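The primary structure of each chain is shown beneath.
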Amino acid sequence: MLYSVTDTVSTYARFSQGFRAPPYDDVNVGFTNFLGGYKTIANPDLESERSDGLEIGARIVASVLNARVAYFRNTYENFIESFAIAPQFLGSRGIDPADGMLTFQLINRPSVEIDGLEVGGGLDLPLGVSARFAMAYARGEDRDTGAPLNSVDPLSAVLGIGFDAPDDRWGAEVVWTLTSGKDEADIDESAPRLASPGYGIVDVLAHLNIGRRVRLNAGLFNVTDKTYIRWADTAGIGDDAPARFTQPGFNAGLTFRIEL
């Protein structure tokens, strides 16, 4: 349902139902990292995931400003969760006694709820300057046990300020990415993982159009040389040193794109 409050402001509501069959790779996955001390085993008994979803939101579209905000709430039956501790080894904190490895397995959770908030938009300023922003927050819970879902990422936000030349020949942008830490209270105690601290990184991007079909892209990434670990990567940390899972420090990239 869509309702236009004014010419620039509209609200909407959406309800959906659906299902997702287990992907082939999820059913048959098998991987061992001997150096890291962990492995992933197959689960041929995975069942299809069913869901009900509700989303409500609002949008503003004006001459120089566009913005959106949305709240969503999804409930699942037989939720397929990746990188879960293998249930048969929960008593040993995920360690397979046969080989001493931390063991992961894709599993079905009977009843799960995930809700969250997304905000984003952009601002077009004079002289080719623009700003954009986005924020996403989600919270997941196993409704049978009340435990949080480890597969839900922490709060994150992106802020960017850019400039484009009047003839669109070149442009540049500074992007600031912020991610909050994952607290112990947000981690399932039955499937412990390393709590990741929050971090902020700065990237500088630029592009140059050389003719109509050739484009040069350049980037300076993690300009402040921040040492950080993404929450999603902590699932693979077993007996290995956590520092092996940190993202690259300051680095640069240069690419050409040719359209024929």
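This report concerns the structure included in the present document. What you see is a predicted model; the values in this text were computed from it and never measured.

**Notes on the side chain of Asp-142**
Here is step 1 of the chain: Of note, Asp-142 is situated in strand 9 (residues 129-142).
Here is step 2 of the chain: Look at Asp-142 and you get buried, because its relative accessible area is 4%.
Here is step 3 of the chain: In terms of polar contacts, Asp-142 uses its side chain to reach the side chain of Arg-109, at 2.7 Å.
Here is step 4 of the chain: For Asp-142, the contacting residues outside a window of four places in its chain are Arg-109, Ser-111, Val-112, Ala-147 and Leu-149.

**Side note on a negative patch on the surface**
Here is step 1 of the chain: Together, Asp-183, Glu-184, Asp-186 and Glu-189 line one region of the surface with negative charge.
Here is step 2 of the chain: Along the chain, Asp-183 turns up in the loop between strand 11 (170-179) and strand 12 (199-210).

**Section: the pattern of salt bridges**
Here is step 1 of the chain: Under the criterion given, the structure shown has 14 salt bridges.
Here is step 2 of the chain: Its salt-bridge partner being Arg-20, residue Glu-49 comes within 3.5 Å of it at the nearest N-O pair. Taken together, the residues Glu-49 in strand 5 (residues 49-61) and Arg-20 in strand 2 (residues 9-20) connect sequence positions 29 residues apart.
Here is step 3 of the chain: The structure contains a network of salt bridges with shared partners spanning Arg-73, Glu-113, Asp-115, Arg-139 and Arg-143.

Conventions we followed
- Residues numbered from 1 in each chain as written.
- Predicted model: local features only at pLDDT ≥ 70, side-chain atom pairs only at ≥ 80, totals over all residues.
- Heavy atoms only, no water.
- Helix = DSSP H or I, 4+ residues; strand = E, 2+ residues; numbered from the N terminus.
- Buried < 20%, exposed > 50% of the residue type's maximum accessible area, 1.4 Å probe, protein only.
- Polar contact = N/O pair within 3.5 Å; in protein donor to acceptor, adjacent residues only side chain to side chain.
- Contact = heavy atoms within 4.5 Å.
- Patch = residues over 30% accessible without salt bridge, like charges linked within 9 Å, V, L, I, M, F, W, Y side chains within 5 Å.
- Areas by Shrake-Rupley, 256 points an atom, 1.4 Å probe, with all protein chains shown as cover.
- Salt bridge = Lys/Arg side-chain N within 4 Å of Asp/Glu carboxyl O.
- Lys, Arg positive; Asp, Glu negative; His and termini not counted.
- Charge placed at Lys NZ, Arg CZ, Asp CG, Glu CD.

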